[in-house]
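# Descriptive structure summary
For reference, the chains in residue letters:
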Amino acid sequence: MRGRALRAVVGAAVISICLPALALGHAERTSYFPNFDPSTGEFGPVTGSAPKYRKSGGNELVVCKDDSAARIASMPRGAKRLRAEALLPACAYQHIQAAVDAAVSDDRILVLPGTYREEPSNTASPECEGLYQRARDHGVFSYEDHLACPNAANAIAVLGDGPDPDRACDRLCNLQIEGVGGREYVTLEGERAKLNLVRADRADGFVLKGLELVHSDFNNVYVLETNGFRLEDLETHDSREYGALSFASDHGVYNRIEAYRNGDSGVYPGSGPERPGCSPEAADNYGIEIKNVDSHDNTIGYSGTAGNHIYAHDNKFHDNATGITTDSFASNHPGMPQDCARWERNEIYSNNLDLFNDEHDAYCKQAPEDREDPEDHPTCPTFQVPVGTGILIAGGNANIVGDNYIYDNWRWGTAVLWVPAALRGDDDSGQSDNDVFNQYDTSHDNRYVGNRMGVRPDGSPDPNGLDHWWDEEGRGNCWSGNTGPGGSTPTSDPLLLPKCENGGSIFTPGNPVKQASNATCTMWNPRDNTDPPGCSWFTQPPEPESRPVLPLGR
Amino acid sequence: MRRRALAALALAALGLSACGDGRDESSGRLRWAKEPLVFTPEGLPGDRVLSGRIENDSLRPVRLVAKELRLLDADGRRVDGSAVLLESFAHQLYPPGREPAGGVPESERIRLGVEARLEPGKDVPLTIAWREPPGSRPPVTIETGSGTLPIRR
């Protein structure tokens, strides 16, 4: 990765005249990892840590609604209720953004039971009318634009950096926003008025805890260029795109989050932290930890373009169209190609959500405002995925999938496929290895070890359509110690998979029939090509029958 | 290849289409870089996929637009299909309906295989698929806008 330096310097020079660029699924400014210096094009040392939840320290800013007292009175007797009752007299704000505006670094905002719609954020002052319109036009904002008009694109904006060129958190850092009583009692309702419900931008040390977040027009929670964040005890659902998303950030924790019915992904640790090399056993190898997440009924439970150095463990990804993806597809995502994530001790199951059938296609072709009973319908997918897939690594390197239960995914339990360098397009920021002269630079050194395939945690069989699928491109990919029902050999295509103890696969360019079959799925468009010929991804596979137990043979 | 390109240029100057060389039966400024693969995708017995690489066999750049490629049967009738100038899956940066006000940038359209600018002597991947129910007349050529490419099976 250090070899990027020269390209990075050139990239940085280009950026100086080409701002802004694009990232994510919408227009976003060029973003940088916390440890990257665009002036030199170098990654510096990794410093910082994930913040802890604090019960003391800083000022307490209490937010409430007119009906908070009644809601508190309806809470069961106990510590939560007593705490809320004690805080109520101190309530000084009716809107969370108002408390954020009044806060200084290290403060704690305590949000009492109620539904918060942040109505003032919807009204543009005369000087902000242009930026409000730009948000409606999906235009690009600079950081300075957000400082000037924090609520043009965001219901709540936590902006850590001051009006200076240093990209450092020096204005509002270590801010904690907590729903008192927890997510059962405190709701942030977006009504699709803003792209982001909560935006934490260069907001090092940000903690968001104990809230229900619903109905953003893009991201319910959005963390950008932030070194140190904690998203905890959240329920995030029915976002048009993402339940909780971080990008070009480091030292993050997603903990105890339920994410569902989001149009793209429940959780999205995209452009994960960039670290030198990939050393799975090193204590500082992983920059973002995802644990105790229950992500279901989304198009994708977890996705992460350039989702590097993520450690996701002890989560459940289920009943999505696809459980987990990580990929190297999109342009302008720093940290390409994706590498060095680890999924361990997760349950990845029943990811067969049928979002692409004809009836649902017709429903989703309607304008969002015309759709009836949206809460009674599954989400409308905003990207195409192979329905019935547990975990898909599309153009990733040096990832580890270990000790998971992967079952009842009717197409593939796991899948890994090649993404040519050209498909990553550009990353003008200089933080990626996008070498057009090395098209076969992805799908190497991925390890699938010790997974239970087609088996529930109680030991009963619940087969995947196929346990392991590989397009046969790449070197060093390996499968070892994975077992099916009764200790049997998992099913796979190709039939024989390389073993880790033998060094994994020897490089081949892959199987062109498999690759071209997938290429046809690129043509999907929910408006005019919902079922492109040649692509089987959008038909829910039939539930596989339990198969005879085969002895371990490979 | 150089002779072919010069011949194509001479014919173009006369306002004529260049003919295929008899080896690959292509006409115009494009030809298969090598024989394309045509197959029935797994689980879709009624579908067909062609995967190949198109080479610009002329002395001028060619702009290809995937949606403008046409599948034609032996009688010259159009067969519905979908094409992309890629050899493997890619997904879009912008969710459908969320494109920027100015439209999807050209770099993104090229990245997604929606269109391509093909310099002389260069090639680009093509994946094109269609449905072929029993009794239907299969496509035998691809009309590119600057000639035709044969589909042989």
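Residues numbered from 1 in each chain as written. Chains lettered and ligands numbered in written order. Predicted model: local features only at pLDDT ≥ 70, side-chain atom pairs only at ≥ 80, totals over all residues.

## A short note on the overall build of chain B
Helix and strand content of chain B: two helices and twelve strands. When its helices and strands are written in sequence order, chain B yields α-β-β-β-β-β-β-β-β-α-β-β-β-β. The 153 residues of chain B split such that 42% are buried. (Helix = DSSP H or I, 4+ residues; strand = E, 2+ residues; numbered from the N terminus. Buried ≥ 20, exposed ≤ 12 C-beta atoms within 10 Å, placed from the backbone.)

## A few points about the overall build of chain A
The helix and strand tally for chain A stands at eight helices and 32 strands. Expected size for 554 residues packed as a compact globule is a radius of gyration near 24 Å; at 23 Å, chain A falls within 12% of this value. With respect to the principal axes defined by its C-alpha atoms, chain A has extents near 70 × 55 × 50 Å. The 554 residues of chain A split such that 57% are buried. Restricting to contacts in chain A with at least 6 residues of sequence separation, those with at least 24 account for 69%. (Rg over C-alpha atoms; globule rule 2.2 N^0.38 Å. Contact = placed C-beta atoms within 7 Å.)

## Quick look at the nonpolar core
All names here are of chain A. Val 63, Val 111, Leu 112, Val 158, Val 221 and Ala 244 are the most contacted members of the largest nonpolar core, which totals 156 residues. Of the residues forming this core, the biggest block, six residues, is contributed by strand E11 (residues 206–214). Each of domain 1 (1–256) and domain 2 (264–554) accounts for three or more of the residues forming this core. Each residue touching Val 111, except ones within four places of it in the same chain, is listed here: Val 63, Ile 96, Tyr 116, Ile 177, Glu 178, Gly 179, Val 180 and Val 186. (Core = buried A, V, L, I, M, F, W, Y, C linked by C-beta atoms within 7 Å. Domains from an automatic or database assignment.)

## A few points about the domain arrangement of chain A
Under the domain assignment used here, chain A contains domain 1 (1–256) and domain 2 (264–554). The centre of domain 1 of chain A, based on its C-alpha atoms, is set 28 Å off from the matching centre of domain 2 of chain A.

## Observations concerning the interface of chain B and chain A
Listed as interface residues are 34 residues of chain B and, on the opposing side, 40 residues of chain A. Going through the elements one at a time, strand E3 (37–39), strand E4 (47–56), strand E8 (81–84), helix H2 (106–111) and strand E10 (123–131) of chain B are the ones with two or more residues in the side of chain B that touches chain A. For the side of chain B that touches chain A, the per-class residue count stands at 18 nonpolar, nine polar and seven charged. (Nonpolar A, V, L, I, M, F, W, Y, C, P; charged D, E, K, R; others polar.)

## Regarding the pairing of strand E30 (residues 466–470) of chain A
Residue and element names in this part refer to chain A. Judged by how many residues are buried, E30 sits mostly within the fold: five of five residues are covered. Strand direction decides the pairing type here: strand E27 (residues 412–417) and E30, joined by four bridges, are parallel. Among the inter-strand pairings, Trp 412 is bridged to a residue of E30, identified as Leu 466. Here E30 runs beside strand E32 (residues 492–493); their pairing, made up of two bridges, is parallel. Bridge assignment links Trp 469 to a residue of E32, and that residue is Asp 493. (Pairing = 2+ DSSP bridges.)

## What about helix H8 (residues 512–519) of chain A?
Burial analysis of H8 of chain A places six of its eight residues in the buried class, the great majority of the element. Buried within H8 of chain A we find Lys 514, Gln 515, Ala 516, Ser 517, Asn 518 and Ala 519 of chain A. Looking at the packing, one finds that the buried side of H8 of chain A touches E27 of chain A together with E3, E4, E8 and E10 of chain B.

## Side note on the environment of Asn 308 of chain A
Residues and elements named next belong to chain A. With respect to the element layout, Asn 308 can be found in the loop between strand E18 (300–305) and strand E19 (310–313). In this structure Asn 308 comes out as buried when scored by C-beta crowding, with 31 C-beta atoms within 10 Å. Residues Asn 308 and Thr 326, spaced 18 residues apart in sequence, show a C-alpha to C-alpha distance of 8.9 Å. In contact with Asn 308, not counting residues within four places along its chain, are Gly 272, Pro 273, Glu 274, Gly 335, Gln 338, Asp 339, Cys 340 and Ala 341.

## Looking at the sheet that holds strand E14 (residues 242–247) of chain A
Residues and elements named next belong to chain A. Reading across from one edge, E7-E10-E12-E14-E16-E18-E21-E24-E27-E30-E32 is the order of the eleven strands in this open sheet, with parallel pairing throughout. Only two strands of the sheet have a single partner each, and these edge strands are strand E7 (154–159) and E32. When strand E24 (residues 389–394) meets E27, the two strands line up parallel, connected through five bridges. The residue bridging Ala 394 from the neighbouring strand is Leu 417, located in E27.

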